[in-house]
Amino acid sequence: MRRQAVKVRLYPTDEQIQVLAQHFGCARWWWNYGLNKCIKTYKATGKGLSQSGLNSLLPKLKKEKETEWLGECYSQVLQSVSLNLSRAYQNFFEGRAKYPRFKSKHHRQSIQYPQKVKQVDNALKFPGRLGTVNAKIHRPVDGVIKTVTVSKCPSGKYYASVVMEYEGDYPASKTDGKVIGIDLGVKDFAVTYDGEKVSKYQNPKHLSKYEKNLAVKQRIAARKNKGSNRRRKANKIVARVYEQVSNVRQDYLHKLSRKIVDNNQVVVVENLNVKGMVHNRKLAKAISDTGWGTFVNFLSYKLERSSGKLIEIDRWFPSSKLCSNCHYQVNELPLDVRTWTCPSCGTHHDRDGNAAMNIRAEGIRILSSSGTGEANANGEDIRPIRGRKSKMRQSSVKLEAPTKLTL
Ligand SMILES: [Zn+2]
């Protein structure tokens, strides 16, 4: 069984907007009320509340005068909130997430329909009072529809994220095709080497134009009085421009990852601990803007669907400082040095192209070493689980100090 999600834009009528507002309000109230209950229970017993524990509170609340309006909300939407809240608590207890937070009406609003949503031509048919909502459906909704999350962005647009389930698994991954190494950077977004040529991909062209516009709109909004109507309107404009920026970026990342996956079977990237690197202030903005993490995720799922393979190599692998020709390693290579000559063999290197070559070679090494019995026979553990360290190079190559960046 495999799952896939599509995001579609929704165009609710005025009446449906009212129904949605009511549902968002009920779901938010129930989350905050439930969270409050969980906090009290936690203080008293050291435990949170289970989904069924939370659900059992609902019938009584629906009967009470002050909270009888909860009955207006489709009940499975509220039960989804209970499930998500109990999960959020569990994730917190097991160290996977921060403590769950209260929800504000000023942020993105969302509700979930756990089942019974259908596609009817260019619309989605929801159970309960919401009914059939017009939608712009780009990709076919061809699986069995499971959970549907309806959200409203701060810019005022409505979306539905439709999770579908398909029979069968993805085809097993193969590693007999082309191998490409990718060096992700700030100057160029990505530099690749596929065994034949080095290609450079710059950051999306119009992004900086949109970003400038975003900064202008943010300054305008900041000048308006807090809590005023003008401020609210200005913030809505900011939200809209912000959406443009992120759409341009996502579109670029989708196209580039699609191109790479279509032309290669194995993709090798450095395991980026983006969070760790963002500590460096100078690079922080550039890195969070470039969306490397998103890009690697796009590569990962696209490869999975096309039976390709993603190999992440350790991020302290000295990809920049190693000569791809003779494997001599230079001690230092400051970020502003874009080209260098190997003191050992005399090869003149373009910094990023050389790094992409080294990354590719390291990926091939991991692939071939796992084929000689170090990993299990079908090579399943070639691809480390994201975030986990891959095998280190066994040679005497010195590792780069963690304070030096290998961009
Ligand atoms: Zn050399």
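Note: the structure precedes this text.
Small disclaimer: the values here were computed from a predicted structure and weren't measured.

A. A look at the coordination of the zinc ion. For the zinc ion, the protein coordination sphere consists of Cys323 (SG), Cys326 (SG), Cys342 (SG) and Cys345 (SG), at 2.2 to 2.3 Å. Relative to the metal, the four donor atoms surrounding the zinc ion lie at angles of 107 to 112°, and the coordination shape comes out tetrahedral. Motif for the zinc ion, donor spacing along one chain: C-x2-C-x15-C-x2-C. In this pair, Cys326 sits in the loop between strand E12 (309-313) and strand E13 (339-341) while Cys342 sits in the loop between E13 and strand E14 (348-350), placing the two residues 16 residues apart along the sequence.

B. Local environment of helix H1 (residues 14-45). Under the 1.5 Å per step criterion, the end-to-end length of H1 is 46 Å for 32 residues, consistent within 8% with the ideal 46 Å. Gly46 lies just past H1 and shows a positive phi near 80°.

C. Summary view of the sheet that holds strand E3 (residues 118-119). Taking strand neighbours across the sheet as the criterion, the seven strands line up as E2-E6-E7-E1-E5-E4-E3 in an open arrangement whose pairing is antiparallel. Two strands bound the open sheet, and with one partner strand each, they are strand E2 (109-113) and E3. Packing against the sheet, H1 makes contact with E2, strand E5 (132-136), strand E6 (144-152) and strand E7 (158-166), and its axis sits at approximately 90° to E2.

D. Representation of the pairing of strand E9 (residues 190-193). Taking every second residue as pointing to the same face, both faces of E9 are buried, with Ala190 and Thr192 on one and Val191 and Tyr193 on the other. Taken together, the four bridges between strand E8 (residues 179-184) and E9 define a ladder with antiparallel strand orientation. Along E9, the bridge assignment pairs Ile182 with Thr192. As consecutive antiparallel partners, E8 and E9 are separated by five residues. Judged from the four bridges that link them, E9 and strand E10 (residues 198-201) form a sheet pairing that is antiparallel. Each bridged residue has a counterpart across the sheet, and for Ala190 the counterpart in E10 is Tyr201.

E. Examining the environment of Gln329 more closely. Its place among the elements puts Gln329 in the loop between E12 and E13. With a relative accessible area of 18%, Gln329 lands in the buried category. Placed 11 residues apart in sequence, Gln329 and Pro318 show a C-alpha to C-alpha distance of 8.1 Å.

F. Quick peek at unusual backbone geometry. The backbone phi angle of Asp121 is positive, close to 50°, even though this residue is not glycine. A relative accessible area of 68% means that Asp121 is categorised as exposed. A positive phi angle, near 70°, is found at His327, a position not held by glycine. Residue placement: His327 occurs in the loop between E12 and E13.

G. How the structure looks around the sheet that holds E9. Strand order in this open sheet of five strands is E10-E9-E8-E11-E12, and the pairing throughout is mixed. Looking at the sheet topology across the chains shown, the edges are occupied by E10 and E12. Direction aside, the axes of adjacent strands within the sheet are offset by 20° on average. With four bridges connecting them, E8 and strand E11 (residues 266-270) associate as parallel partners. Looking at E11, one finds that Ile182 is bridged to Val269. Where helix H6 (residues 229-263) meets the sheet, it contacts E8, E9, E10 and E11, and its direction lies at approximately 165° from that of E10. Sitting on the sheet, helix H9 (residues 292-305) is in contact with E8, E11 and E12, with an inclination near 145° to E12.

H. Summary view of H9. Relative to the 20 Å expected for 14 residues at 1.5 Å per residue, H9 spans 20 Å between its end C-alpha atoms, a close match to the ideal helical length. All buried positions along H9 are accounted for by Trp292, Phe295, Val296, Phe298, Leu299, Ser300, Lys302 and Leu303. Positive phi appears at Ser307, one or two residues downstream of H9, with a value of about 55°.

I. Structural view of the packing of H1 against helix H4 (residues 75-93). Between H1 and H4, the least distance of the axes is 9 Å, while the angle of their chain directions is 40°. One element, H1, and the other, H4, form an angle in the oblique class. For the pair H1 and H4, the sense of crossing is right-handed. Together, His23, Cys26, Ala27, Trp30, Trp31, Gly34, Leu35, Cys38, Ile39 and Tyr42 of H1 and Val77, Leu78, Val81, Ser82, Asn84, Leu85, Ala88, Tyr89 and Phe93 of H4 make up the contact between the two elements.

J. Local environment of the pattern of salt bridges. Summed over all chains, the structure comprises 13 salt bridges. The shortest N-O distance in the salt bridge between Glu64 and Lys60 comes to 3.4 Å. Looking at Lys60, the relative accessible area reads 58%, which means it is exposed. The shortest N-O distance in the salt bridge between Glu362 and Arg365 comes to 3.2 Å. Here Arg365 and Glu362 lie together in helix H10 (residues 351-374), a separation of three residues that amounts to about one turn.

Cut-offs used in this document
- Residues numbered from 1 in each chain as written.
- Predicted model: local features only at pLDDT ≥ 70, side-chain atom pairs only at ≥ 80, totals over all residues.
- Heavy atoms only, no water.
- Donors = N, O, S within 2.8 Å, 3.2 Å for Na, K, Ca; no water.
- Tetrahedral: all angles 85-135°; square planar, octahedral: opposite > 155°, others 65-115°.
- Helix = DSSP H or I, 4+ residues; strand = E, 2+ residues; numbered from the N terminus.
- Expected span 1.5 Å × (residues − 1).
- Pairing = 2+ DSSP bridges.
- Contact = heavy atoms within 4.5 Å.
- Axes fitted to C-alpha atoms, helices over the stretch in contact; angles between N-to-C directions.
- Buried < 20%, exposed > 50% of the residue type's maximum accessible area, 1.4 Å probe, protein only.
- Parallel < 35°, antiparallel > 145°, perpendicular 65-115°, else oblique.
- Left-handed = near helix turned anticlockwise from the far one by under 90°.
- Salt bridge = Lys/Arg side-chain N within 4 Å of Asp/Glu carboxyl O.

Interpretation note: all reported values are geometric properties and have no functional meaning in isolation.
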